[in-house]
Amino acid sequence: MALLWPFVLVAASGILAIETPRPRNSTLHHLTKHLLQKYHKDVRPVHDWTEATTVYLDVFVRAVLDVDVQNQKLKTNVWYREVWDDEFLSWNSSMFDDIREISLPLSAIWAPDIIINEFVDIERLPELPYVYVNSSGTIKNSKSIQVVSACSLETYAFPFDVQNCSLTFKSILHTVEDVDLAFLRSREDIKHDKKAFLNDSEWELLSVSSTYNTLQSSAGEFAQIQFHVVIRRRPLVYVVSLLIPSIFLMLVDLGSFYIPPTCRARIVFKTSVLVGYTVFRVNMSGEMPQSTVSTPLIGVFFTVCMAFLVLSLSKSILLAKLLHCEQRSRPERPLLCLRGDTDADELRVDPRAQWEGVTESSACQEHQAQSGTLKEVLSQLQSISNYFQTQEQADQQEVRWLALLERVDRLLFQGYVVTLGLYAVALCTLWALWGCL
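Residues numbered from 1 in each chain as written. Predicted model: local features only at pLDDT ≥ 70, side-chain atom pairs only at ≥ 80, totals over all residues. Heavy atoms only, no water.

Engineer: Describe the overall build of the protein, listing the residues and the values that go with them.
Structural biologist: Assigned secondary structure in the protein consists of 9 helices and 11 strands. Long-range pairs, those at least 24 residues apart, make up 79% of the contacts in the protein between residues at least 6 apart in sequence. Element-wise, carbon and sulfur atoms account for 60% of the exposed surface of the protein, whose accessible area totals about 26,200 Å². (Helix = DSSP H or I, 4+ residues; strand = E, 2+ residues; numbered from the N terminus. Contact = heavy atoms within 4.5 Å. Areas by Shrake-Rupley, 256 points an atom, 1.4 Å probe, with all protein chains shown as cover.)

Structure, rendered in structure tokens:
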């Protein structure tokens, strides 16, 4: 009986081992060790090296963080997903407690060398150090990145501008024979999916269209996928702070043409408007995008209106100068100053002398004095005639200058009206096109 006790103890321990379930974490540990024990992350995970590894890509644009027009850069927050098959990381789930998916360190397995062609700087958020692997060997890698990419930003239609920037994903070293790219979702789903976008910034996401193509180079043929991120600006704040005040200022300047050209107050008024233009332009420069590639349409029209204002002000100053010169060049008005009967009085004979019998010589002297007085009157009348002729010529010259400057003023007014009309039509057209997108 004593000899049977060892066999009984062994049988009991076996029964207890069968009835007591093993901890699941030990199975997970055993599975991880089983997968990575002989794994080589430096080798592309295929049994047949002639077969390409297909990497499926997907992109969610979450936010537009910054649009740097001056440096032609776009900063976006992107949720990026990669999916590929690793033939060395598959297992039979029935042999490992029906575990169908586990997480593995990304640094311990092979990963595709996918980059963004347009990136100039990548500000990474805290990286996810693990990837999910299922029993069939499919690996899912997801990460959130802040991409600062180069983009050709066009600001001509500001503030109704629409930007189209591309994010091109491709492998650095592997040709299409080794690493091929494909879409994880359909292109239509990618294009119209805006659920992840934070729609509370200055920019609105319109669409994310995508294309697949191959790039031929001296090193071989590379597969690449382009995601075209189309965004548009919300213009309401700029309409209120820029467009409406600029139109009001142009209308005030347009009203200054109704002040008579000869009025000196017109120069003061236009100078005040010019100061207003300058102050508004300085304030507006801080809100308008600064670009060496293109100039916003609002800036072009504003500069043209300032040019019309300066020309009109210069014309008013020239008119004032001409009128002043005409007044200074006119001769002084002659004064009719006759000696009258002074000489005659001197030659007039005392009445008492007449009674005393003065000779007729005094009468001859009186006749000569009267003749000199008539010559003096004729000379004065000739001076007056010459003065009025000169005055008439100056008035005619002044009228000609006024007529010429009035025609110039009328042309400036018409040009100003046409420019303001084109400005209003262009803005309405851009706004309508912006609304149709």
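Anyway, onward from the coordinates.
Engineer: Help me get a handle on the nonpolar core, residues and values and all.
Structural biologist: Residues V67, L89, F169, F227 and I231 are the most contacted members of the largest nonpolar core, which totals 48 residues. For this core, the element with the highest residue contribution is strand β1 (residues 53-68), accounting for 6 residues. When sequence neighbours within four positions are dropped, the list of residues in contact with F227 reads V59, C165, S166, L167, F169, F183, I190, V208, S209 and S210. If you look at the next biggest cluster of nonpolar residues, it comprises 32 residues, including F160, L309, L412 and A426. (Core = buried A, V, L, I, M, F, W, Y, C linked by side-chain atoms within 4.5 Å. Buried < 20%, exposed > 50% of the residue type's maximum accessible area, 1.4 Å probe, protein only.)

Engineer: Tell me what's going on with a negative patch on the surface, and back it up with residues and numbers.
Structural biologist: A grouping of D48, E51, D85 and E87 is seen on the molecular surface, where their side chains present a negatively charged patch. Residue placement: E51 occurs in the loop between α2 (24-36) and β1. Taking the relative accessible area as the measure of exposure, E51 reaches 40% and is therefore partly exposed. (Patch = residues over 30% accessible without salt bridge, like charges linked within 9 Å, V, L, I, M, F, W, Y side chains within 5 Å. Salt bridge = Lys/Arg side-chain N within 4 Å of Asp/Glu carboxyl O. Lys, Arg positive; Asp, Glu negative; His and termini not counted. Charge placed at Lys NZ, Arg CZ, Asp CG, Glu CD.)

Engineer: Report on the pairing of strand β10 (residues 203-217), specifying residues and quantitative values.
Structural biologist: By the bridge criterion, 14 bridges tie β10 to strand β11 (residues 220-233) in an arrangement that is antiparallel. Its bridge partner lying in β11, E204 is registered against R232. In sequence, β10 turns back onto β11 through a hairpin of 2 residues. (Pairing = 2+ DSSP bridges.)

Engineer: Which residues make up the pattern of salt bridges, and what are the values?
Structural biologist: Under the counting rule described, the total for this entry stands at 9 salt bridges. With a closest N to O distance of 2.8 Å, R233 and D161 form a salt bridge. On the criterion of sequence distance, the pair formed by R233 in strand β11 and D161 in the loop between β7 (138-150) and β8 (162-171) is long-range, its members being 72 residues apart. Residue D193 pairs with R185 through a salt bridge whose shortest N-O separation is 2.8 Å. Look at the salt bridges and you will find they share partners, linking D58, R81, R185 and D193 into a network.

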